[in-house]
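Structure assessment
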Amino acid sequence: MADPKNKSLSEATRTAASGVNTDPNHGSVMPPLYISTNFSFEEYAKPREYDYTRSGNPTRDLLGQTIASLENGHDAVVTSSGMSALYLMFHLLKPGDVLLAPHDCYGGTFRLLTAMHKKGNFEVRFINQTDKNVLKDAFECIPKMILIETPSNPLLRITDIEYVTSLAKQHDTIVAADNTFLSPILQKPIDMGVDLVMHSTTKYINGHSDVIGGAVVSRTKNLHAEMSWWANATGVGGSPFDSYLTTRGLRTISLRVERQQENAVKIVEFLKNHSAIKNVNYPGLTDHPGHDIVQKQQAGPGAMFSFELNGNEDNIRTFLKALSLYSLCVSLGGVESLICHPATMTHAAYTQEARDNAGISHQLIRISAGIESADDLINDLKQALDIAVK
Ligand SMILES: *Cc1c(COP(=O)(O)O)cnc(C)c1O
C-alpha cells in the first residue's frame, strides 16, 4: 500500500502506487471512484470524514495528496481548471494590494489579471522577472504577492526562484509559482521557498489531453486551510471523475516527462543546425541566457521549446500545414506532440504592444514534444521545412 505522503519512496513509486490497494470493502486494487455528492452521517450529530462533494471528496483528495507529495507541499486543493487554480490564489489579495506578475505570463493569466486590475480587485504590475534589477526595484512597493512562471511561455525565459524568495522574505510577500511548464518532476518551487504552487493539471500532470483541471499546492497548513475554505465557498473544486482520470494519468508522469524531454533535446539539436531556423529558445542549450539558473533549480531542461522561422506569414502557414505529426493547437504537455503559433493563438489575448514588450514575434513557433519516436518527429519537421522555406 503506497501512501503518497511517504517521501522515502521515489516519485515513480509514489505516483504509480498512489492509493493502490487501499479499499477495505472489496480489496479493489485501484482506488474506487466516488461520484456521490453526499456522504451520510453515521448517526445523529456524528459526521464521517466527508459530507458533501463540493467541500471534500475522497477521489479528489487522493489526487491532491499525490500532487502535494510530488511538490513537497503540505497539501493541495484540486480545481476545475488551471485558471480556477489561479483565481483561487488571487482571493488572498484585496483592493490596494499589489501583485507582481511576469510581463510574459500565460495568456489566460494576463487576461484574468488585467480584468481584475480594471475592476479594482487589486493592483497588478507586469514586470520582466528575469532581470534582477527590475525585480529588486519592483519590491520597493511592498507587494502582497508575486506570481512567477519559469520557464516562461513561449520564450522559455528563466527566473531565479531563490532570488525571488529571498526578496519576498524581506517584505513578507507571498510567492506563488505556476509550475505547469515543467511539472514537479523537473522543478520543485516549494523547496526553494515558494509558498504556493499552482498547476494546470490539463498539461503534464494528466498528460493525455483529455481533462481540464488545476491544483494549488500550499507549503503550510494555514495556507492550505485558507485555499480549501475559498475553494468550498466559491465551488471551484474539480469533479471526482476528472480527478480520477487525472490520477490515472499522473501514474506515468516520470516515464512520460523523461521521454518527452529526450525527444525535445533531439529535436532542438536538429532545428539549431537547420538554415531555415533563426534561433531556438530552449533552457537546455548552453548558450541560453538562463542556463546557469537552470542547472541550479531544474532537474532537467523540459520538453517545451520555441523557435523563429526565417520567413514571412506565407512560409509559416505552409510549414504548419505540411506537418502531419504535430497538431496545431494551444495546449501542451500531452503524450502527443503539439505545435503552436503564439501570436495568433496562446497570446492572441495580449495587445500588440504587450506582445512586442514580451518579445513574441510573428515568426515565433512553440513545440510541446510528445512521446512519439524522435526520428519520426524530426523527419516530419524536416519535410515541412523543405516545403515551406526554399
Ligand atoms: C494552460 C495553462 C494555464 C491555464 O490552465 P487551464 O487548465 O487551461 O485553465 C495556466 N498556466 C499555464 C502556464 C498554462 O500552460
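Residues numbered from 1 in each chain as written. Predicted model: local features only at pLDDT ≥ 70, side-chain atom pairs only at ≥ 80, totals over all residues. Heavy atoms only, no water.

Looking at the overall build of the protein
Keep this limit in mind: Each helix is a run of H or I in the DSSP string that is no shorter than four residues. Each strand is a run of E no shorter than two, and both are numbered from the N terminus. We compute the radius of gyration from the C-alpha atoms alone; for a globule the expected value is 2.2 Å times N to the 0.38, where N is the number of residues. Only protein chains enter the accessibility calculation, which uses a 1.4 Å probe; a residue is then buried when its area is under 20% of its type maximum, exposed when over 50%, and partly exposed in between. Pairs of residues are marked as contacts when any of their non-hydrogen atoms sit within 4.5 Å. In these tables, accessible area is a Shrake-Rupley quantity obtained with a 1.4 Å probe, and a residue counts as shielded only by the protein chains included in the view.
Looking only at helices and strands, the protein features 13 helices and 12 strands. Its C-alpha atoms give the protein a radius of gyration of 21 Å, within 12% of the compact-globule value 21 Å for 390 residues. Along the longest, intermediate and shortest principal axes, the C-alpha atoms of the protein span 80 × 50 × 35 Å. Out of the 390 residues in the protein, the part that is buried amounts to 56%. By sequence separation, contacts in the protein at least 24 residues apart represent 71% of the contacts at least 6 residues apart. Counting only carbon and sulfur atoms, one obtains 51% of the accessible surface of the protein, whose full area is about 16,900 Å².

A few points about the side chain of Thr15
Threshold: Here a polar contact is recorded for every N or O atom pair within 3.5 Å, except that within protein the pair must consist of a potential hydrogen donor and a potential acceptor, and residues adjacent in sequence are included only if both atoms are side-chain atoms.
Examined against the element boundaries, Thr15 turns out to sit in helix H1 (residues 11–16). In terms of polar contacts, Thr15 uses its side chain to reach the backbone carbonyl oxygen of Glu11, at 2.9 Å.

A look at the pattern of salt bridges
Counted only if it meets this: Each reported salt bridge corresponds to a side-chain nitrogen of Lys or Arg within 4 Å of a carboxyl oxygen of Asp or Glu.
All told, the structure shown has 11 salt bridges when counted by the stated rule. Between Asp160 and Lys132 there is a salt bridge, with its nearest N and O atoms 3.4 Å apart. Separated by 28 residues along the polypeptide, Asp160 in the loop between strand E4 (145–149) and helix H6 (161–171) and Lys132 in helix H5 (residues 132–138) bring together distant segments of the chain. Given the relative accessible area of 8%, Asp160 is considered buried. Exposure remark for Lys132: the relative accessible area of 38% places this residue in the partly exposed category. Between Lys296 and Glu162 there is a salt bridge; the shortest N-O distance is 3.9 Å.

Comments concerning the packing of aromatic side chains
Filter applied, for reference: Ring pairs are drawn from Phe, Tyr and Trp, using the six-membered ring of Trp, whenever the two centres fall within 6.5 Å, and their geometry is named by plane angle: stacked under 30 degrees, edge-to-face over 60, tilted for the rest.
This structure, assessed with the given rule, holds 7 aromatic pairs. A centroid spacing of 4.7 Å and a plane angle of 40° characterise the contact between Phe110 and Phe126, whose relative ring orientation is tilted. Residue Phe110 is located in helix H4 (residues 107–119), and its partner Phe126 is located in strand E3 (residues 123–127); the two are separated by 16 residues in the primary sequence. Relative to Trp230, the ring of Trp229 lies with its centre 5.1 Å away and its plane at 90°, an arrangement referred to as edge-to-face.

Thoughts on empty space enclosed by the protein
Which entries qualify depends on this criterion: The pocket and cavity definitions rest on a 1 Å grid over protein atoms only: a 1.4 Å probe that fits but cannot leave marks a cavity, an open set with protein on both sides within 12 Å along at least five of seven lines marks a pocket, and residues lining either have an atom within 4 Å of a point. Grid points are joined across faces, edges and corners, and a volume is the space filled by probe spheres set on the points. Polar here means any residue other than Ala, Val, Leu, Ile, Met, Phe, Trp, Tyr, Cys and Pro, which are nonpolar, and Asp, Glu, Lys and Arg, which are charged; Gly is therefore polar.
Enumeration according to the criterion identifies 2 cavities of 30 Å³ or more in this entry. Roughly 40 Å³ of volume is contained in the largest cavity. Looking at the largest cavity, it is lined by 13 residues, and the ones nearest its centre are Val78, Thr79, Gly213, Asp242 and Thr246. Among the secondary structure elements, those contributing two or more residues to the lining of the largest cavity are strand E1 (75–79) and helix H8 (240–250). Ranked by residue count, the leading element in the lining of the largest cavity is H8, at 3 residues. Tallied by class, the residues present in the lining of the largest cavity amount to 4 nonpolar, 8 polar and 1 charged. Quantified by volume, the second largest cavity comes out at close to 30 Å³. Around the second largest cavity, the lining residues are Pro102, Asp104, Asn128, Gln129, Thr130, Glu149, Ser152 and Thr159.

Some details on helix H3 (residues 82–89)
Among the 8 residues of H3, 6 are classified as buried, and the element is accordingly described as predominantly covered. Buried within H3 are the following residues: Gly82, Ser84, Ala85, Leu86, Leu88 and Met89. Between the side-chain oxygen at the start of H3 and the backbone nitrogen of Met83 there is a gap of 3.3 Å, and the oxygen is on Ser81.

Some words on the domain arrangement of the protein
Put simply, the test is: Residue ranges labeled as domains rest on an automatic or database domain assignment. Two parts placed together each lose some accessible area under a 1.4 Å probe, and adding up what both lose gives the buried area.
Taken as a whole, the protein is organised into domain 1 (11–250) and domain 2 (253–388). On a C-alpha basis, the centroid separation for the pair domain 1 and domain 2 is 26 Å. Residue-level contacts link 38 residues of domain 1 with 42 residues of domain 2. For the domain 1 and domain 2 pair, buried surface summed over both sides reaches about 3,200 Å², with 61% attributable to carbon and sulfur atoms. Per-residue buried area on domain 1 facing domain 2 is highest for Ile158, Leu186 and Tyr204; these three make up 23% of the total on that side. At the boundary of domain 1 with domain 2, the tally comes to 2 salt bridges. Lys296 is the salt-bridge partner of Asp160, the closest N and O atoms lying 3.0 Å from each other.

Details of the site of the ligand
Short version of the rule: We call a residue near a given molecule or strand whenever any one of its heavy atoms falls within 4 Å of it.
Lining the immediate environment of the ligand, one finds Ser81, Gly82, Met83, Tyr106, Glu149, Asp178, Thr180, Ser200, Thr202, Lys203, Gly213 and Leu332. Here Lys203 contributes a side-chain N or O atom positioned 2.7 Å from an oxygen atom of the ligand. Considering the ligand on its own, with 370 Å² of exposed area, one finds that the protein chains cover 93% of that surface. For the shell around the ligand, a count of residues per class yields 3 nonpolar, 6 polar and 3 charged.

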